[in-house]
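Fold and contact review
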Amino acid sequence: RHLGQCQSNEQNHTNFGEELETWRNRLLGEIAYFYLDTHYEKVRQAVNVRDAAILMASGVKRDGKRIVLGISVSLSVAEAHWRSFLEGLADVELIINDDHAGMEAARKAIFSGIPWQRCQFLLQQNAQSYLPKVSLRTKVAEDIRRIFDS
């Protein structure tokens, strides 16, 4: 685009809002595997900057295609926030996530009876943070991988 053809911020905001609404209301199809994750980002709220939890859900369809199911910004990773975020999802074969108390409580309440697996990547990261020496990381990672693969 040339500078003279740029849309105004208001037009961009309107277009983005319409695209986001279309994305939120799309048909997901069958999701076989469901990944939950969270991380924190600094966000501005009025004149203050604070930490906000970014709740994320992604999935793997039966054909192997990975898709982002949803993203939400909340004040914490408490159960109430995860419950609100996960409402309406169903027909999942396996849930994979880290071991957060709020996420686990919401998962058990909404998806009781659905198998759960701890995220192997995050488990490895957590385990390695307890090692007394950096030189042990490769050996411990190999041992954990061997356990997962057995």
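Position numbers for residues count from 1 along each chain, tracking the sequence in the order it is written. Only residues with pLDDT of at least 70 get local features here, since the model is predicted, and only at 80 or more are side-chain atom pairs given and counted; chain-wide, interface and lining totals rely on the full set of residues. Note: side-chain values were computed over all heavy atoms of the structure, leaving out hydrogens and water.

1. A closer look at the packing of aromatic side chains
Going by this rule: Between 30 and 60 degrees the pair is tilted, below 30 it is stacked and above 60 it is edge-to-face, where a pair is any two Phe, Tyr or Trp rings, Trp via its six-membered ring, whose centres lie within 6.5 Å. Secondary structure is summarised from DSSP: a helix means a run of H or I of at least four residues, a strand means a run of E of at least two, and numbering begins at the N terminus for each. Burial here depends on accessible area, computed with a 1.4 Å probe over protein chains only, as a share of the maximum for the residue type. Under 20% is buried, over 50% is exposed, and the range in between is partly exposed.
Taken as a whole and judged by the stated rule, the model has 2 aromatic pairs. Ring centres of Phe-34 and Phe-111 lie 5.7 Å apart, and the angle between their planes is 65°; this geometry places the pair in the edge-to-face category. You can see Phe-34 sitting in strand 1 (residues 31-45) and its partner Phe-111 sitting in the loop between helix 3 (101-110) and strand 5 (116-118), a full 77 residues away along the chain. Judged by its relative accessible area of 1%, Phe-34 is buried. For the ring pair Trp-82 and Phe-85, a centre distance of 5.7 Å and an interplane angle of 75° mean the geometry is edge-to-face. Taken together, the residues Trp-82 and Phe-85, both in helix 2 (residues 79-86) and 3 residues apart, mark about one turn of the helix. Grouping residues by exposure puts Trp-82 and Phe-85 together as buried.

2. Some points on the pairing of strand 1
The condition is simple: Any two strands with at least two DSSP bridges between them are considered paired.
Relative to strand 2 (residues 48-61), strand 1 runs antiparallel, the two sharing 14 bridges. Its bridge partner being in strand 2, Tyr-35 is matched across the sheet by Ser-58. The turn linking strand 1 back onto strand 2 is made up of 2 residues, and Ala-46 within it adopts a positive phi angle of 60°. Note: strand 1 against strand 4 (residues 94-97), 4 bridges, orientation parallel. Within strand 4, the residue paired with Tyr-33 across the bridge is Leu-94.

3. Re a nonpolar patch on the surface
The criterion, for reference: Patch rule: a residue counts if its relative accessible area is over 30% and it has no salt bridge; like charges are joined within 9 Å, and nonpolar side chains (Val, Leu, Ile, Met, Phe, Trp, Tyr) within 5 Å. The protein chains shown are the only cover counted for residues, whose accessible areas, like all others here, come from Shrake-Rupley with a 1.4 Å probe. Each salt bridge in this description consists of a side-chain nitrogen of Lys or Arg and a carboxyl oxygen of Asp or Glu lying within 4 Å of one another.
There is a patch of nonpolar side chains on the surface, built from Trp-23, Val-68 and Ile-71 and spanning about 270 Å² of accessible area. When you line up the elements, Val-68 lands in strand 3 (residues 66-74). The exposure class assigned to Val-68 is partly exposed, which follows from its relative accessible area of 42%.

4. Remarks on the confidence of the model for the protein
In plain terms, the rule: pLDDT is a per-residue confidence score from the predictor, ranging from 0 to 100. Note on contacts: a residue pair is in contact if any heavy atoms of the two residues lie within 4.5 Å.
The predicted model of the protein averages 82 in pLDDT, with 91% of residues at 70 or higher. Looking over the protein, one finds the lowest element-wise mean pLDDT in helix 1 (residues 9-24), namely 70, and the highest in strand 2, namely 90. Of the regions scoring below 50 in pLDDT, residues 1-7 engages in 4 contacts with residues more than four places distant in sequence or in other chains.

5. Quick look at the environment of Val-77
With respect to the helices and strands, the residue Val-77 is situated in the loop between strand 3 and helix 2. Classification of Val-77 as buried rests on a relative accessible area of 18%. The spatial distance from the C-alpha of Val-77 to the C-alpha of His-39 is 9.1 Å, given a sequence separation of 38 residues.

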